[in-house]
Amino acid sequence: MYAHRRSPVERRHRRYFMLMGACLVLFVLAWGVVRLWSVPAAVAMCVVAMVIPPIAAFIGNRREPGERWWDESGDPESDRWWRELDDRGDTKHPR
């Protein structure tokens, strides 16, 4: 069977949108349905929904091992210079 391997960017986007979708569902359910039975439960659901967006932002922007997308500046000379520094094998200042 064919297994589709997602790129790191696709995985980050998927995680982010799943978390934000859960946030939206919690908020809508809290004030559309749950408040009819329990206002404190609806408020608790909204508090949980309030915490999700910052977590989603962290997860959506977290890099995976081996990713270099944040290093590319668009300036070929600068990018070449940084690649040289990465490849020099500096043992004095380990990362």
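Residues numbered from 1 in each chain as written. Predicted model: local features only at pLDDT ≥ 70, side-chain atom pairs only at ≥ 80, totals over all residues. Heavy atoms only, no water.

> How do you make sense of a nonpolar patch on the surface when you look at a structure like this?
A cluster of nonpolar side chains, contributed by Leu24, Phe27, Val28, Trp31, Val39, Val43, Val47, Met50, Val51 and Ile55, occupies part of the molecular surface with about 900 Å² of accessible area. Looking at the nonpolar patch, the elements that each hand over two or more residues are helix H1 (8–32) and helix H2 (39–61). For the nonpolar patch, the element with the most residues is H2, which contributes six residues. With respect to the element layout, Met50 can be found in helix H2. (Patch = residues over 30% accessible without salt bridge, like charges linked within 9 Å, V, L, I, M, F, W, Y side chains within 5 Å. Areas by Shrake-Rupley, 256 points an atom, 1.4 Å probe, with all protein chains shown as cover. Salt bridge = Lys/Arg side-chain N within 4 Å of Asp/Glu carboxyl O. Helix = DSSP H or I, 4+ residues; strand = E, 2+ residues; numbered from the N terminus.)

> In this structure, what is going on with the nonpolar core? I would like to understand it.
In this structure, Ala30, Val34, Ala42, Met45 and Cys46 together form the largest nonpolar core, which totals five residues. Ranked by the residues each element gives to this core, the list is headed by H2, at three residues. Leave out the neighbours within four places in its chain, and Met45 touches Leu26, Leu29, Ala30 and Val34. (Core = buried A, V, L, I, M, F, W, Y, C linked by side-chain atoms within 4.5 Å. Buried < 20%, exposed > 50% of the residue type's maximum accessible area, 1.4 Å probe, protein only. Contact = heavy atoms within 4.5 Å.)

> Help me understand the confidence of the model for the protein, please; the structure alone is not making it clear to me.
Parts of the model with low pLDDT should not have their predicted coordinates read in detail. On average, residues of the protein score 82 in pLDDT, and 78% of them reach the 70 mark or higher. The lowest-confidence element of the protein is helix H3 (residues 76–87), averaging 75 in pLDDT; the highest-confidence one is H2, averaging 94. (pLDDT = per-residue confidence, 0-100.)

> Would you explain H1 in this entry?
Note that an α-helix has 3.6 residues per turn; residues three or four places apart therefore point the same way. With 25 residues, H1 should reach 36 Å at 1.5 Å per residue; the first-to-last C-alpha distance of 36 Å fits that figure. Of all the positions in H1, only Arg12, Cys23 and Ala30 are classed as buried. Tucked inside the fold, the buried residues of H1 contact H2. (Expected span 1.5 Å × (residues − 1).)

> Help me out: how do you make sense of the packing of aromatic side chains in this one?
For any pair of aromatic rings, geometry is given as the distance between the ring centres together with the angle between the planes. Scanning the entire structure with this criterion turns up one aromatic pair. When the centroid spacing of 5.3 Å and the interplanar angle of 75° are considered together, the rings of Tyr16 and Phe17 count as edge-to-face. Taking relative accessible area as the criterion, Phe17 reaches 57% and is therefore assigned exposed. (Phe/Tyr/Trp six-rings, centres within 6.5 Å; stacked < 30°, edge-to-face > 60°.)

> Would you mind going over the environment of Met45 with me for this structure?
By the element assignment, Met45 lies in helix H2. The exposure class of Met45 is buried, given its relative accessible area of 19%. Sequence-wise, Met45 and Cys23 are 22 residues apart; in three dimensions their C-alpha atoms are separated by 9.2 Å.

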